[in-house]
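# Reading the structure
Spelled out from the first residue to the last, the chains are:
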Amino acid sequence: MSANSSLFGTYNRIPLRFERGEGVWLVAEDGQRYLDFAAGIAVNSLGHSHPHLVEALKGQADKLWHLSNLYEMPGQERLGERLTAATFADRAFFTNSGAEALECAIKTARRYHYVNGRPERFSIITMEGAFHGRTLATIAAGGQEKYLEGFGPKAPGFDQVPFDDMDAIKAAVNDETAAILVEPLQGEGGIRELSLQLLRDLRALCDEHGLLLLLDEVQCGVGRTGKLFAHEWAGITPDIMAVAKGIGGGFPFGVCLATDEAASGMTASTHGTTYGGNPLAMAVGNAVLDIVLEDGFLEHVRDVALVFKQGLAAIADKYPDVIEEIRGSGLMLGVKCKGPNMELLVAMRDQNLLGVPAGDNVVRLLPPLTTTAEEARDGLSRLEAAAASVSVKAA
Ligand SMILES: *Cc1c(COP(=O)(O)O)cnc(C)c1O
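Residues numbered from 1 in each chain as written. Predicted model: local features only at pLDDT ≥ 70, side-chain atom pairs only at ≥ 80, totals over all residues. Heavy atoms only, no water.

## Regarding the sheet that holds strand 16 (residues 356-358)
Inclusion rule: In this description, strands pair whenever DSSP reports at least two bridges between them. Think of it this way: any DSSP run of H or I at least four residues long counts as a helix, any run of E at least two long counts as a strand, and we number them from the N terminus. Axes, fitted as lines to C-alpha atoms, cover a helix only where it is in contact. Angles between the N-to-C directions of the axes lie from 0 to 180 degrees. Contact between two residues is taken to exist if any of their heavy atoms lie within 4.5 Å; hydrogens are not considered.
Within the open sheet, the four strands sit side by side as 13-14-17-16. Their pairing is antiparallel. Of all strands in the sheet, those with a lone pairing partner are strand 13 (323-329) and strand 16, marking the two edges. Each strand axis lies, on average, 30 degrees off the axis of its neighbour in the sheet, ignoring direction. Against the sheet, helix 10 (residues 297-318) contacts strand 13, strand 14 (332-337) and strand 17 (362-365), and its axis sits at roughly 170 degrees relative to strand 13. Its contacts with the sheet place helix 11 (residues 341-350) against strand 14, strand 16 and strand 17, and it is angled at close to 40 degrees to strand 17.

## Overview of the pairing of strand 2 (residues 25-28)
The side chains of a regular strand alternate between both faces of the sheet. Stated precisely, the cut-off is as follows: Burial here depends on accessible area, computed with a 1.4 Å probe over protein chains only, as a share of the maximum for the residue type. Under 20% is buried, over 50% is exposed, and the range in between is partly exposed.
In strand 2, alternate side chains face the same way, and those of Trp-25 and Val-27 on one face and Leu-26 and Ala-28 on the other are all buried. Pairing analysis gives four bridges linking strand 1 (residues 18-22) to strand 2, with the strands arranged antiparallel. Residue pairing in the sheet places Phe-18 in a bridge with Ala-28 of strand 2. Across three bridges, the pairing between strand 2 and strand 3 (residues 33-36) is antiparallel. Considered in strand 3, the bridge of Leu-26 is made with Tyr-34. In this antiparallel pair of consecutive strands, strand 2 and strand 3, the connection spans four residues, and Gly-31 shows a positive phi of 90 degrees.

## Digging into the packing of aromatic side chains
The condition is simple: To pair, rings of Phe, Tyr and Trp, with the six-membered ring standing in for Trp, must have centres within 6.5 Å; the planes then decide the type, stacked if under 30 degrees apart, edge-to-face if over 60, and tilted in the middle. Lysine NZ or arginine CZ positioned within 6 Å of the ring centre and within 35 degrees of the ring normal marks a charge as sitting over the ring.
If you walk through the whole model with that rule in mind, you get four aromatic pairs. Here Phe-37 and Phe-308 contribute two aromatic rings whose centre-to-centre distance is 5.4 Å and whose plane-to-plane angle is 70 degrees, an arrangement assigned as edge-to-face. Separated by 271 residues along the polypeptide, Phe-37 in the loop between strand 3 and helix 1 (39-42) and Phe-308 in helix 10 bring together distant segments of the chain. We note that Phe-37, like Phe-308, is buried. Taking 5.7 Å as the distance between ring centres and 70 degrees as the angle between the ring planes, the aromatic pair formed by Phe-131 and Tyr-147 counts as edge-to-face. Here Phe-131, found in the loop between strand 5 (123-127) and helix 5 (136-142), pairs with Tyr-147, found in helix 6 (residues 145-148); they are 16 residues apart in sequence, far enough to count as distant. Residue classification places Phe-131 among the buried residues on the basis of a relative accessible area of 18%. Above the ring of Tyr-147, the side-chain terminus of Arg-134 is found at 4.0 Å from the ring centroid.

## Side note on the domain arrangement of the protein chain
Accessible area lost during the coming together of the parts is what is often quoted as the interface size. Put simply, the test is: For the domain bounds, the source is a domain assignment made automatically or taken from a database. Summed over both partners, the accessible area (1.4 Å probe) lost when two parts come together is defined as the buried area. One speaks of a salt bridge when a side-chain nitrogen belonging to Lys or Arg is within 4 Å of a carboxyl oxygen belonging to Asp or Glu. The residue classification treats Ala, Val, Leu, Ile, Met, Phe, Trp, Tyr, Cys and Pro as nonpolar and Asp, Glu, Lys and Arg as charged. All others, Gly included, are polar.
Domain annotation for the protein chain reports domain 1 (18-50 + 295-394) and domain 2 (64-292). At the junction of the two partners, domain 1 supplies 28 residues and domain 2 supplies 26 residues. Buried surface at the junction of domain 1 and domain 2, both sides included, amounts to about 2200 Å², of which 62% is carbon and sulfur. Inspection of the domain 1/domain 2 interface yields zero salt bridges. When residues of the side of domain 1 that touches domain 2 are assigned to their parent elements, the largest contribution, four residues, is made by helix 10. Of the residues that constitute the side of domain 1 that touches domain 2, the class distribution is 16 nonpolar, eight polar and four charged.

## A look at the packing of helix 3 (residues 74-86) against helix 9 (residues 279-292)
The following threshold applies: If an angle is under 35 degrees, it is roughly parallel; if it is over 145, roughly antiparallel; if it lies from 65 to 115, roughly perpendicular; otherwise it is oblique. For any pair of crossing helices, the crossing counts as left-handed if the nearer helix is rotated counterclockwise from the farther one by less than a right angle, and right-handed if it is rotated clockwise.
One can describe the packing of helix 3 onto helix 9 by two numbers: an axis separation of 9 Å at closest approach and a directional angle of 30 degrees. If you check the angle between helix 3 and helix 9, you find them roughly parallel. Crossing of helix 3 over helix 9 shows left-handed handedness. In this structure, helix 3 uses Gly-75, Gln-76, Arg-78, Leu-79, Arg-82 and Leu-83 to contact helix 9, whose residues at the interface are Met-282, Gly-285, Asn-286, Leu-289 and Asp-290. Taken together, the residues of the contact of helix 3 with helix 9 sort by class into four nonpolar, four polar and three charged.

## Overview of a negative patch on the surface
Short version of the rule: A residue counts toward a patch only above 30% relative accessible area and without a salt bridge, and it is joined to like-charged neighbours within 9 Å or, for Val, Leu, Ile, Met, Phe, Trp and Tyr, to nonpolar neighbours within 5 Å. Residue exposure ignores everything except the shown protein chains as possible cover, and the areas themselves are Shrake-Rupley values with a 1.4 Å probe. Residues scored as charged are limited to Lys and Arg (positive) and Asp and Glu (negative), so that His and the chain ends carry no count. A charge is said to be at NZ when it belongs to Lys, at CZ for Arg, at CG for Asp and at CD for Glu.
Among the surface-exposed residues, Glu-294, Asp-295, Glu-299 and Asp-303 lie close enough to one another that they form a single negatively charged patch. Note on Asp-303: relative accessible area 48%, which makes it partly exposed.

## Things to note about helix 8 (residues 196-209)
Just so we agree on the cut-off: Expected helix span is computed as 1.5 Å times (number of residues minus one).
For helix 8, built from 14 residues, the straight-helix expectation of 20 Å at 1.5 Å per residue is met to within 8% by its first-to-last C-alpha distance of 20 Å. Check the buried side of helix 8 and you find it contacts strand 5, helix 7 (166-172), strand 7 (177-182) and strand 10 (212-216). In the segment just after helix 8, Gly-210 is the residue with positive phi, at about 70 degrees.

## Topic: the pattern of salt bridges
Going through the model one piece at a time under the given rule, you end up with 15 salt bridges. In this structure, Glu-22 and Arg-33 form a salt bridge, with 3.1 Å as the shortest nitrogen-oxygen distance. Within this pair, whereas Glu-22 is found in strand 1, its partner Arg-33 is found in strand 3, the two being separated by eleven residues in sequence. Overall, Glu-22 belongs to the partly exposed group, its relative accessible area being 33%.

Okay, here's the thing in structure tokens:
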């Protein structure tokens, strides 16, 4: 009987058991060390066991673990102030996860139109290939059949359009449209980047029709692309944004950020959460920001990203039978495979290098933002060895 027999069968787990993590390394029970370019799917933004995060969590654990949102929360106030100072936003709502940050974003957008006398505006335009989470509303927003099948009627209020197609978006706007929701850089969908022009056009379209622009930066935010948030590359700002994964550095939490105006409907008792913004999460979130907002940190991400981009291009040139294309931005990179992506992932694992599969036959590389140039080169040579072994098999 499988060791996992007492668990739901929802995961196809890889037979590896890790005992601890040190920076970009994961150490298995048998002592083998793996270079972790999966980073918990962009969650371990500062690698494993970062001393500053460990200290923040331990320090808070000695004082106070949980407090209901019935009381004032200094940690939330501090992190909220820092996040709003660093972004377009005026307001923050803390959640436990990315999907809950999206749920809050969706509710905030609908409620905005409701309090502004347009309750018929409840529908949200989303993009093909999107991933917004696994709750009933967010699987409807993502629109992927594989996640919707068998879970009853799809939640109403989501209209999906083809990827990166401005004409389709314009055609989809109607009297019920409340907002447009996109990931500036799709993760799960296969590291597919929206053009910066499309993001600018979306901003203009929303302004023209009184719609809200919602961004899902759960995966691409918090320094991942070399800016604090990916939309900054387009020089636009959203009205509402969902953030999670990297902001917690491994402690589970998310946040919905919004302008004062967009959040105007979210008044007392309209929304809430038991654990969201809990003192442990806020201690870690503030510690993550200490590092990410440090002078030179994002520059480091961009420098290491360049090492990856050049190295990956060289490997793709050398093994065109294995790699079709390199995609992505910053340290959110995709290797589009010729053969099955799982084949390359298994070959990488044989080289003690971890990546993540994504849609469109892509292998995602999401190294910790703290990865050094030397660690990047180590990973690239392991990837090259993996590509070589797949190439030999293909020949
Ligand atoms: C992971 C992810 C989510 C969902 O986050 P959870 O914490 O798993 O609920 C939503 N959107 C994007 C873009 C993600 O990558």
